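Examination of the molecular architecture
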Amino acid sequence: MGTRTAGGRACRPRFVLGVVSAGLLLGVSLTACTSIPAEPRANDTAPSSSGAREPSATPAPDATLVPDGTAAENLVYFNFLAAAVTKANPAADGRDYIDALVAGGFDRAALEVTFDRTQADLAVDSTQFSVRFAGECLIGQIGPATNGFHSVVAPILSTGLCLVGSTRQIDW
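Residues numbered from 1 in each chain as written. Predicted model: local features only at pLDDT ≥ 70, side-chain atom pairs only at ≥ 80, totals over all residues. Heavy atoms only, no water.

**Re the overall build of the protein**
Across its full length, the protein carries three helices and four strands. Reading the helices (α) and strands (β) of the protein from amino to carboxyl end gives α-α-α-β-β-β-β. Counting only residues that meet the buried cut, the protein has 24% of its 172 residues in that class. Taking the intrachain contacts of the protein between residues at least 6 apart in sequence as the baseline, contacts between residues at least 24 apart amount to 43%. With the model as given, the accessible surface of the protein reaches about 12,600 Å², and the carbon-plus-sulfur share is 58%. (Helix = DSSP H or I, 4+ residues; strand = E, 2+ residues; numbered from the N terminus. Buried < 20%, exposed > 50% of the residue type's maximum accessible area, 1.4 Å probe, protein only. Contact = heavy atoms within 4.5 Å. Areas by Shrake-Rupley, 256 points an atom, 1.4 Å probe, with all protein chains shown as cover.)

In structure tokens:
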């Protein structure tokens, strides 16, 4: 089929190269057609074909405490309270989170929080806070070393507590 060169290697016919090139071009063209359209620029206005207004999205209601619920059912509320603290004060300390949890209806006696400063009086890399609820622990962690807020539902430790290590006395 192919012709041979003086070195004995086969040359590919030019039409094979053309077919491969056409296939690649078609593939790239189809990919470009299925891409997500770009966001409209800020100064673009949406065309209005009719005078009718589109219904606006109804905002989701705020999360609430489910007193007779499980820890997992209250994790959304726990996260909601923590997010409100962080939004109000990105440099919030452990006390701020504890105060928000108490104000939100969690039992102060069931709360734990780690220290905000090390024994060498340096800022900690992260602060953990928790609440024992319905036989489990809601645990939150935030700080520069955590890449944002994280939370989890975990079993209560054999000590009867949620957090490992030294915690602050909540005496305010």
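Still more to cover.
**Description of the packing of helix α2 (residues 71-88) against helix α3 (residues 94-103)**
Viewed as axis vectors pointing N to C, α2 and α3 meet at an angle of 135°, and their least axial separation amounts to 9 Å. Taken as axis vectors, α2 and α3 run oblique relative to one another. As for how α2 packs across α3, the hand of that crossing is right-handed. Packed against α2, whose contacting residues are F78, L81, A82, V85 and T86, the element α3 presents D96, Y97, A100 and L101 at the interface. Split into classes, the residues belonging to the contact of α2 with α3 amount to seven nonpolar, one polar and one charged. (Axes fitted to C-alpha atoms, helices over the stretch in contact; angles between N-to-C directions. Parallel < 35°, antiparallel > 145°, perpendicular 65-115°, else oblique. Left-handed = near helix turned anticlockwise from the far one by under 90°. Nonpolar A, V, L, I, M, F, W, Y, C, P; charged D, E, K, R; others polar.)

**Thoughts on α3**
If you check which residues of α3 are buried, you get G94, Y97, I98, A100 and L101. End-on, the buried residues of α3 take up no more than an arc of 160°, which puts them together on one face. Those residues of α3 that are buried lie in contact with α2, β1 (111-113), β2 (127-133) and β3 (136-142). One or two steps after α3, the chain reaches G105, where phi turns positive at roughly 110°. (Arc of directions from axis to C-beta.)

**Some thoughts on the packing of aromatic side chains**
Within this structure, the stated rule accounts for seven aromatic pairs. With a centroid separation of 6.4 Å and an interplanar angle of 20°, the aromatic rings of Y77 and F80 are classed as stacked. Remark: F80 and Y77 occur in helix α2; sequence separation between them is three residues, near one turn of the helix. For Y77, a relative accessible area of 9% translates into the label buried. Taking relative accessible area as the criterion, F80 reaches 31% and is therefore assigned partly exposed. Relative to F133, the ring of F106 has its centre 5.8 Å away and its plane inclined at 80°; by these criteria the two rings are edge-to-face. Placement of F106 in the loop between α3 and β1 and of F133 in strand β2 is noted, with a sequence separation of 27 residues between them. According to the relative accessible area criterion, F106 is buried, its value standing at 3%. Through successive ring pairs, a cluster of aromatic residues spans Y77, F78, F80, Y97, F106, F129, F133 and F149. (Phe/Tyr/Trp six-rings, centres within 6.5 Å; stacked < 30°, edge-to-face > 60°.)

**What about the sheet that holds β2?**
If you walk across this open sheet you meet the four strands as β1-β2-β3-β4, and the pairing is antiparallel. At either end of the open sheet lies a strand with only one pairing partner, and these are β1 and β4 (150-155). Taking the axes of each pair of neighbouring strands and ignoring which way they run, one obtains an average angle of 20° across the sheet. Docked against the sheet, α2 engages β2, β3 and β4, running at close to 25° with respect to β3. (Pairing = 2+ DSSP bridges.)

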